[in-house]
Amino acid sequence: MPRPFTPKVVTANALLEGDVVYFTTDNTWTRELTQAEVLTDEADADLRLIDASRQQDQIVGAYLADVDPTPEGPKPTHFREEFRRTGPSNYFHGKQAEL
Amino acid sequence: MYKYSEFDTAFLAERNAQFRAQVERRIDGSLTEDEFKPLRLMNGLYLQLHAYMLRVAIPYGTLRSAQMRQLAMIAEKWDKGYGHFTTRQNIQYNWPKLRDVPDILDALGEVEMHAIQTSGNTIRNVTADHFAGAAADEVDDPRPVAELLRQWSTDHPEFQFLPRKFKFAVIGSEADRAVIRAHDIGVQLVEQDGKRGYRILVGGGLGRTPMIGKVIRDFLPEEDLLPYAEAIVSTYNILGRRDNKYKARIKITVHENGIDTYKELTEARFAELKPQFEGVDQEMLSSIRAQFAAPAFRNAPTDDFDAAYKADPVFRAWADTNLAAHKVEGYAIVSISLKKHGETPGDATAEQMRLIADLGEQYSHDDIRISHEQNVILPHVHKSDLPALHAALKTLGLATANIGLISDIIACPGMDYCALATARSIPVAQEIAQRFDALKMEHDIGPLKIKISGCINACGHHHVGHIGILGLDRAGVENYQITLGGDGTEEATIGQRTGPGFSYEEITDAIERIIRAYLEHRTDAQETFLEAYRRLGADPFKAALYPDKAEGKANAA
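Residue numbers run consecutively from 1 along every chain, following the written order of its sequence. Just so you know, chain letters begin at A and ligand numbers begin at 1, following the order they were written in. Reporting in this predicted model follows two pLDDT cut-offs: at least 70 for local features of residues, and 80 or more for side-chain atom pairs to be given and counted; totals over whole chains, interfaces and linings ignore these cut-offs and use all residues. Side-chain measures were taken over the full set of non-hydrogen atoms in the model, leaving aside hydrogen atoms and water.

Undergrad: Teacher, can you tell me more about the overall build of chain B here?
TA: Helix numbers and strand numbers start at the N terminus; a helix is a DSSP run of H or I with at least 4 residues, a strand a run of E with at least 2. A tally of helices and strands in chain B yields 19 helices and 21 strands. Here chain B has a C-alpha radius of gyration of 23 Å; the compact-globule value for 557 residues is 24 Å, and the two agree. With the C-alpha coordinates of chain B rotated into their principal frame, the extents come out at 70 × 60 × 60 Å. Under the scheme applied here, a residue whose accessible area is under 20% of the maximum for its type counts as buried, over 50% as exposed, and between as partly exposed, the area being computed with a 1.4 Å probe on protein chains only. A burial count over chain B gives 61% of its 557 residues as buried. In this description, contact between two residues means that some pair of their heavy atoms is separated by no more than 4.5 Å. Of the contacts formed within chain B by residues at least 6 apart in sequence, a portion of 67% connects residues at least 24 apart. Radius of gyration means the value over C-alpha atoms here, while the globule rule gives 2.2 Å times the residue count to the 0.38 power.

Undergrad: How should I be thinking about the overall build of chain A in this particular structure?
TA: Tallying secondary structure elements over chain A gives three helices and five strands in all. Start at the N end of chain A and walk to the C end: the helices and strands fall as β-β-β-α-β-β-α-α. With the C-alpha coordinates of chain A rotated into their principal frame, the extents come out at 45 × 30 × 25 Å. Counting only residues that meet the buried cut, chain A has 42% of its 99 residues in that class. A fraction of 53% describes how many contacts in chain A between residues 6 or more apart in sequence connect residues 24 or more apart. In short, Shrake-Rupley with a 1.4 Å probe defines the accessible areas, and a residue's cover is counted only from the protein chains shown. For chain A, the computed accessible surface area is about 5100 Å², with 52% contributed by carbon and sulfur atoms. Just so you know, the count uses Lys and Arg for positive and Asp and Glu for negative, and it drops His and the chain ends. In this description, the location of a charge corresponds to atom NZ of lysine, CZ of arginine, CG of aspartate or CD of glutamate. Taken together, the 10 basic and 17 acidic charged side chains of chain A have centroids lying 4 Å from each other.

Undergrad: Sorry if this is basic, but what is going on with the sheet that holds strand β11 (residues 323-325) of chain B here?
TA: Within a sheet, neighbouring strands are paired by backbone hydrogen bonds and run either parallel or antiparallel to one another. All names here are of chain B. Here five strands make up an open sheet; going across it, the order is β3-β14-β15-β12-β11 and the pairing antiparallel. This sheet does not close on itself; its edge strands, each paired only once, are β3 (62-63) and β11. Pairing between two strands requires that DSSP report at least two bridges joining them. Relative to strand β14 (residues 368-370), β3 runs antiparallel, the two sharing two bridges. Note on β14: the bridge partner recorded for Thr 62 is Arg 369.

Undergrad: Just to check I follow, could you spell out the UniProt feature "domain: Nitrite/sulphite reductase 4Fe-4S" (unreviewed entry) in chain B for this structure?
TA: All names here are of chain B. The residues that UniProt annotates with the feature "domain: Nitrite/sulphite reductase 4Fe-4S" (unreviewed entry) are residues 119-271 and 408-544. In the segment residues 119-271, helix accounts for 31% and strand for 20%; the C-alpha atoms at its two ends are 31 Å apart. Annotated as 34% helix and 19% strand, the span residues 408-544 places its first and last C-alpha atoms 23 Å apart. UniProt positions are given in the numbering used here, feature names are shortened, and annotations may be inferred rather than shown by experiment.

Undergrad: Can you walk me through the sheet that holds strand β13 (residues 347-349) of chain B in this structure?
TA: Residue and element names in this part refer to chain B. Pairing is antiparallel across the open sheet formed by five strands, whose spatial order is β1-β2-β5-β4-β13. The sheet is open, and its two edges are formed by β1 (45-47) and β13, each paired on a single side. Sheet twist, expressed as the mean angle between neighbouring strand axes with direction ignored, is 30°. Alignment of β1 against strand β2 (residues 52-57), held across three bridges, turns out to be antiparallel. Note that in β2 the partner of Leu 45 across the bridge is Leu 54. Every angle, taken between N-to-C directions, lies between 0 and 180 degrees, and every axis is a line fitted to C-alpha atoms, over only the stretch in contact when it is a helix. Packed on one face of the sheet, helix α3 (residues 65-78) meets β4 (82-85) and β5 (90-93) and runs near 15° to β5.

Undergrad: Sorry, what's going on with the packing of helix α12 (residues 350-363) of chain B against helix α13 (residues 386-394) of chain B here?
TA: All names here are of chain B. Here α12 crosses α13 at 175°, and the two axes come no closer than 11 Å. One finds that α12 runs roughly antiparallel with respect to α13. For the pair formed by α12 and α13, the contact residues are Leu 355, Leu 359 and Tyr 363 on the first element and Ala 388, Leu 389, Ala 392 and Leu 393 on the second. Residues are grouped as follows: Ala, Val, Leu, Ile, Met, Phe, Trp, Tyr, Cys and Pro are nonpolar; Asp, Glu, Lys and Arg are charged; all remaining types, including Gly, are polar. Partitioned by chemical class, the residues of the contact of α12 with α13 number seven nonpolar, no polar and no charged. The labels follow the angle: roughly parallel below 35 degrees, roughly antiparallel above 145, roughly perpendicular from 65 to 115, and oblique for the rest.

Undergrad: How should the environment of Leu 39 of chain A be read in this particular structure?
TA: All names here are of chain A. Locating Leu 39 in the fold gives a position in the loop between β3 (29-30) and α1 (42-53). A C-alpha to C-alpha distance of 5.1 Å links Leu 39 and Lys 8, two positions 31 residues apart in sequence. Apart from the residues lying within four places of it in its own chain, the contact partners of Leu 39 are Phe 5, Thr 6, Pro 7, Lys 8, Val 10, Asp 44, Ala 45, Arg 48 and Leu 64.

Undergrad: Help me understand the nonpolar core, please; the structure alone is not making it clear to me.
TA: Where a protein is soluble and globular, its nonpolar side chains tend to be buried together. Residues and elements named next belong to chain B. Counting residues in hydrophobic clusters, the biggest one holds 61 residues, and the most contacted among them are Met 68, Leu 71, Leu 386 and Leu 389. No other element matches the seven residues that α12 contributes to this core. Two domains share this core, each providing at least three of its residues, namely domain 1 (6-110) and domain 3 (303-394). Not counting residues within four places of it along the chain, the set of residues in contact with Leu 71 comprises Ile 58, Leu 63, Ile 91, Tyr 93, Leu 108, Met 113 and Met 353. Core analysis: the next-biggest nonpolar cluster, separate from the first, contains 43 residues, Tyr 60, Val 126, Trp 152 and Ala 229 among them. Working definition of a nonpolar core: buried Ala, Val, Leu, Ile, Met, Phe, Trp, Tyr and Cys residues. They are joined through side-chain atoms within 4.5 Å. How far each domain reaches was decided by an automatic or database domain assignment.

Undergrad: What am I meant to see in the pairing of β2 of chain B here?
TA: Regular strands place their side chains on alternate faces of the sheet. Residues and elements named next belong to chain B. Burial runs high along β2: six of the six residues are buried. Here β2 shows two buried faces, one formed by Tyr 52, Leu 54 and Val 56 and the other by Met 53, Arg 55 and Ala 57. Linking β1 to β2, which pair antiparallel, is a turn of four residues. Pairing of β2 with β5, which is carried by four bridges, proceeds in the antiparallel orientation. Looking at the pairing, Arg 55 lines up with Gln 92 of β5.

Undergrad: Even after reading the chapter, I still don't get helix α16 (residues 507-521) of chain B, so can you show me in this structure?
TA: Because each turn of an α-helix spans 3.6 residues, side chains separated by three or four positions in sequence point in the same direction. A rise of 1.5 Å per residue sets the reference length of α16 of chain B, with its 15 residues, at 21 Å; its end C-alpha atoms lie 21 Å apart and thus fit the reference within 8%. Taken as a whole, α16 of chain B has its buried residues at Ile 507, Thr 508, Ala 510, Ile 511, Glu 512, Ile 514, Ile 515, Ala 517 and Tyr 518 of chain B. Multiply 1.5 Å by the residue count of a helix minus one, and that product is the helix's expected span.

Undergrad: Quick question: what am I supposed to make of unusual backbone geometry here?
TA: Leave glycine aside and you will find that most residues have negative phi; peptide bonds, for their part, are mostly trans. In this structure, Asn 27 of chain A is a non-glycine residue whose phi angle is positive, near 65°. Looking at where Asn 27 of chain A falls in the secondary structure, it is placed in the loop between β2 (20-23) and β3. Look at Gln 89 of chain B: it is not a glycine, yet its phi comes out positive at around 55°.

Undergrad: Before we go on, may I ask you to explain the packing of aromatic side chains in this structure?
TA: The geometry of an aromatic ring pair comes down to the distance between the two centres and the angle between the two planes. Between the rings of Phe, Tyr and Trp (Trp by its six-membered ring), a pair exists once the centres lie within 6.5 Å; its type follows the angle of the planes, with under 30 degrees stacked, over 60 edge-to-face, and the other angles tilted. In the structure shown here, the tally under the stated rule is 22 aromatic pairs over all chains. Ring centres 4.7 Å apart and planes at 40° place the aromatic pair Phe 23 of chain A and Trp 29 of chain A in the tilted group. Ring geometry for Tyr 91 of chain A and Tyr 82 of chain B: centres 4.8 Å apart, planes at 55°, overall tilted. On the criterion of chain membership, the pair formed by Tyr 91 of chain A in the loop between α2 (79-86) and α3 (95-98) and Tyr 82 of chain B in strand β4 is interchain, its members lying in two chains. For Tyr 91 of chain A, a relative accessible area of 21% puts it in the partly exposed group. Three or more aromatic residues link up through ring pairs in this structure, and these residues are Trp 152, Phe 159, Phe 166, Phe 168 and Tyr 236 of chain B. A ring is scored as having a charge over it whenever the NZ atom of a lysine or the CZ atom of an arginine sits within 6 Å of its centre and within 35 degrees of its normal. When the ring centre of Trp 95 of chain B is taken as origin, the NZ or CZ atom of Lys 80 of chain B, which lies over that ring, is 4.9 Å away. Taking NZ or CZ as reference, Arg 424 of chain B lies 3.9 Å from the ring centre of Tyr 504 of chain B, over its face.

Undergrad: Can you help me understand the interface of chain A and chain B in this one?
TA: In this assembly, 24 residues from chain A lie in contact with 34 residues from chain B. Of the roughly 2300 Å² buried between chain A and chain B, counting both surfaces, carbon and sulfur atoms make up 58%. Any N or O atom pair separated by 3.5 Å or less is treated as a polar contact, with the protein-specific requirement of one donor-capable and one acceptor-capable atom, and with residues adjacent in sequence counted only for side-chain atom pairs. Joining chain A to chain B, the criterion identifies twelve residue pairs in polar contact (both at pLDDT 80 or more). Mapped onto the side of chain A that touches chain B, the elements with two or more residues apiece are β1 (8-14), β4 (59-70) and α2 of chain A. Among the residues making up the side of chain A that touches chain B, the classes are represented as ten nonpolar, nine polar and five charged. Buried area, as used here, totals the accessible surface that two parts lose on assembly, with accessibility defined by a 1.4 Å probe and the loss added over both.

What follows is the structure, given as C-alpha cells:
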C-alpha cells in the first residue's frame, strides 16, 4: 500500500537574498511559514510545485517540505525545516531576528 | 610573500567581470538556475540553508595584514560582521546577497584574493602547514611549492571537470600539521643525500569512506613535481568513476585499482608529460621562492618575556599552551585561539580580524596564517614582544589558552548553516568547551583533539579526532556517533566507532564519561588520551559509555 500523503508546503530560497521562502495560495512568496499554502492532496502538491518552480526569476530550488497543520498555521515536522524557519542556533541571525 | 604578477591581476579582473555579467543575466532572467549554478559554484558561491555562502580561498593559509583587513571590511560591509575560518584554510561568509557578490569579489581582487575553485570538481585551495617558514623541524618552507601548485591548477583546462573535487596539501617537515595523509595528494618536502625532493602520497581522504594516503613516490626529484602531479590527476581524470558520486574520489580509484596499478599508469603518463615541461616551471618556482624569503629576524634579549612568564600566571598559562618552537632563537610561533569557550569554532568578528591584522603587522613581519584547526597563527613573533601581544589579544577575547586542549575543537558549520548537514555541530562544540571549562579539567586532561562533523562528508575531520563526533539524522532526530583513537598527524589513523550514538542532549555527558575513564585509567598525567587509548584499546571507554551494556555482559558471564 502506498504511504498516505502527509501535508506539505512548497519552500525555496529567494533568488536575491537567499532567504527561506514559502509559496502562498495567490502564487506569491512569503518569509513566514504561517502564511504558506498547506497542500493536503498529492496531485495538487505536485502541480503547485510545478507552478512555484516556474518563478525562476524570484526563487531557487523549490521543493515540498512536510508540515504539521495547526490552528496557528503550518509547523515543521523535521528539525532541518525548523532551522530553516528560524535561523542558526549559534547567533541570533536570520529569520528569528528579522521577522 | 607572493605578490600577484600582471598576469594574475588581469586574469582575476577578467574572471570577476565575467561573473558580474553572469549574475546580471541570472537576475534579469536570461539564465536559469540550472545554467547559473555551475557558474556561481566556479566562483565559490553556494546556496545554503538560510542564505548564500561565499567561500574565499586563503592559499596555503597565508595572509598579509592588508588582506586580513579587507576580509574584515567585507564582513562588515556585506555580511553580518564576522567570518568563519574553515578546515581547508578558507574563509566563509554566511550571509552575502547575490547582487553584492561581484563587488565582494572585486574587493577581494584589490588585495590579491579570490574565490575561484573553492567549489566544483576542480583542484581546490592548496593548503599547507600553518607553521611553514617558521617551524624548527622543517626542511624548507612548503609555501613556494604550494603557490606553484596553485598557479598550475588554477583554470587548468584539463582539470575543470574532474570526476570529483580534488585537494592538495603540502608540508615541509616530518611532523604533519596539514593532514596530508587525508588529502587526494599529499606533498612532503624531503631531503635525501643532500638533494631536495618530494615524498608524494595519493588517495587519502575522509568522508563516507575514510582512507589514509599511500606513498606513490618516496623521493620525487624537485624538477619533476608538476609533471608528476599532472600525471596523477590526469590518470584520475580518465580512470576515476563518474557513475557514482560516492565512489568518484581518487581514494576510491586508488583503492579499487590498487596502488601498484595506479602508480604504473601514473608513471606511464608521466613519461609522456615530462618532455613537455621544459624548465619554465622551475624558473617560476625560483622566482616564487625569492618572494617567500625569510624576514629579517632580530637578535634581541628576551628578558621581558622571562619576567612576564615568572610574574603573570595568566600569561604563563597562555605561553605554555599557545606557543610553538620557532626555528630562530628568541622567536616563537603564536597560535591565537578562535575557540574561546562557548564561542563558535573558527569564527572571528571584523573587529577581531582588524586587531589580528594590526598585531600581525606590528609583531609578526606582516605574516598571518589560518590553520586547518580553525585558529590564527602569528608565525614570527620575537619573545620580547609576547607580553604586549598577549595584553592586546586579551582586549578582544583572543587570548584563550587552549591550543591543543579539549576545547580547541574543530567543528564544521553543521545544520546551523550547511545545506548538506544532517545534524548540528557548532552547539555541540560550544557545550563541550563550556562543560570542561566549568569543571576546570581542561589543563589536567592535557593534549586532546575533538573533531565534530555534522554529516558523513567529514569537513570537521571527525575520523582523525582523538575523539570524533559525527552528527547524523536518525529517524528525524539528531544522533551523534563517537569514534576514538583517530589521529591526523604523520601517524595518521582512522578512529574506531564505539557503538550506538547519543542524542543531542546526551552527547556532552557521553564525552565527559570518556574523559573520566581516561583520567581514571591513565598511568600518570604524562600519558595523553591518545597514548592511553592506544595502550588500553576501546574497552574501558566503551564500558564508561555504555554502562548498562557492560553490566549486562558481566551478568551473562
